[in-house]
Amino acid sequence: AISSAIAMGVSESDLMDAEIRRKKLHNTIEDLKGAIRVFCRIRPLNKREEGLGDSMITKQTDPMTLKVGANGEHTFNFDAVFTPGTQDEIFEDC
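Note that the structure is predicted; figures quoted are calculated from it, not measured. (Residues numbered from 1 in each chain as written. Predicted model: local features only at pLDDT ≥ 70, side-chain atom pairs only at ≥ 80, totals over all residues. Heavy atoms only, no water.)

Visitor: I would appreciate a short explanation of the overall build of the chain in the present structure.
Guide: Scanning the chain from N- to C-terminus turns up 4 helices and 5 strands. Listing each helix as α and each strand as β along the chain from the N terminus yields α-α-β-α-β-β-β-β-α. The C-alpha radius of gyration of the chain comes to 16 Å, more than 25% above the 12 Å expected for a compact globule of 94 residues. Summarising its shape, the C-alpha atoms of the chain cover approximately 45 × 35 × 25 Å along the three principal directions. Expressed as a percentage of its 94 residues, the buried residues of the chain come to 20%. When contacts within the chain are restricted to residue pairs at least 6 apart in sequence, long-range pairs at least 24 apart make up 41% of them. (Helix = DSSP H or I, 4+ residues; strand = E, 2+ residues; numbered from the N terminus. Rg over C-alpha atoms; globule rule 2.2 N^0.38 Å. Buried < 20%, exposed > 50% of the residue type's maximum accessible area, 1.4 Å probe, protein only. Contact = heavy atoms within 4.5 Å.)

Take a look at the structure:
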């Protein structure tokens, strides 16, 4: 849906505002239902992994979708996907 909106000319800042509102409403509804939410946090490669020549095989395609594999051959959906960031950023979004 996000890529369709961008293709139709909706600005990314408008999409971001709408996405924040959608997340808050979604989280409120899930809390009221008592549903379990599943989050994914992608960690950056550490120095050892970088030194061995390892590379990232994960790609966040939108705020709720993660592709895994050298060519993105596996797709997973979560309630939220977090790329490397600070603890405060993660907990603010939850």
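From this point, things continue past the structure.
Visitor: When you look at the packing of aromatic side chains in this model, what are you seeing that I'm missing?
Guide: Two aromatic rings are characterised by how far apart their centres lie and by the angle between their planes. Scanning the entire structure with this criterion turns up 1 aromatic pair. Centroid distance F39 to F82: 6.0 Å. Interplanar angle 35°. Geometry classified as tilted. Remark: F82 occurs in strand β5 (residues 80–82) and F39 occurs in strand β1 (residues 39–41); sequence separation between them is 43 residues. With a relative accessible area of 35%, F39 lands in the partly exposed category. (Phe/Tyr/Trp six-rings, centres within 6.5 Å; stacked < 30°, edge-to-face > 60°.)

Visitor: Quick question: what am I supposed to make of the pattern of salt bridges here?
Guide: Oppositely charged side chains can pair when the atoms bearing their charge come close. For the coordinates displayed, the defined rule picks out 3 salt bridges. One salt bridge connects E30 with K33, and the closest N-O pair in it is separated by 3.3 Å. Within this pair, E30 and its partner K33 are both found in helix α2 (residues 12–33), separated by 3 residues, close to a single helical turn. Classification of E30 as buried rests on a relative accessible area of 11%. The class for K33 is exposed, based on a relative accessible area of 59%. Taking the shortest distance from any N to any O, the salt bridge between E49 and R43 comes out at 2.8 Å. (Salt bridge = Lys/Arg side-chain N within 4 Å of Asp/Glu carboxyl O.)

Visitor: How should I be thinking about the pairing of strand β4 (residues 74–77) in this particular structure?
Guide: Within a regular strand, side chains alternate between the sheet's two faces. As paired strands, strand β3 (residues 65–68) and β4 are joined by 4 bridges and run antiparallel to one another. Looking at β4, one finds that V68 is bridged to H74. Adjacent in sequence and paired antiparallel, β3 and β4 are bridged by 5 residues, among which G69 carries a positive phi angle near 120°. (Pairing = 2+ DSSP bridges.)

Limitation: the analysis is restricted to geometry and does not speak to function.
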